[in-house]
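Listed below, chain by chain, are the residues.
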Amino acid sequence: YGVQIMKLTKNQGRILIKLIDRETQNSSYNLIRDFRSFFHAGFWQITARIFGHDLKKEYNTINKEDKMIEYIIMGMENKKKYRM
């Protein structure tokens, strides 16, 4: 997925970070730290912060943007359910 991820826009990257947290119940920072190392996680957190993201931020449906993402996901899941 490396090339595809590198082609994401800033907003797509931010949404991907949120979706990863939603699905794994773990922040992207923690996943990188667990699979790679503390230093890799720190490097990617600094890189993300430069571009206005935060790998440590948790998915929370109280947040307006996260609530909108949840609404879209629920709509897609309901649509998929009725197609079958």
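In this text the structure is predicted, and so the values were computed from the model without any measurement. (Residues numbered from 1 in each chain as written. Predicted model: local features only at pLDDT ≥ 70, side-chain atom pairs only at ≥ 80, totals over all residues. Heavy atoms only, no water.)

*Asks:* Mind laying out the pattern of salt bridges, listing which residues take part and the relevant values?
*Replies:* For the structure shown, the criterion picks out seven salt bridges. A salt bridge links E65 to K18; the shortest N-O distance between them is 3.4 Å. With E65 in helix 5 (residues 64-83) and K18 in helix 2 (residues 10-24), this pair connects stretches of sequence that are 47 residues apart. Overlapping salt bridges, with partners in common, bring together R14, K18, E65 and D66 in one network. (Salt bridge = Lys/Arg side-chain N within 4 Å of Asp/Glu carboxyl O. Helix = DSSP H or I, 4+ residues; strand = E, 2+ residues; numbered from the N terminus.)

*Asks:* Which residues make up the packing of aromatic side chains, and what values do they have?
*Replies:* Enumeration according to the criterion identifies two aromatic pairs in this entry. Taking the centre distance of 5.7 Å and the plane angle of 75° together, the rings of F38 and F39 count as edge-to-face. What makes F39 exposed here is its relative accessible area of 68%. With 4.8 Å between their ring centres and 75° between their planes, F43 and W44 make a pair best called edge-to-face. A residue is classified by how much of its surface remains accessible, and F43, at 47% relative accessible area, is partly exposed. Among the residues examined, W44 registers a relative accessible area of 42% and is labelled partly exposed. (Phe/Tyr/Trp six-rings, centres within 6.5 Å; stacked < 30°, edge-to-face > 60°. Buried < 20%, exposed > 50% of the residue type's maximum accessible area, 1.4 Å probe, protein only.)

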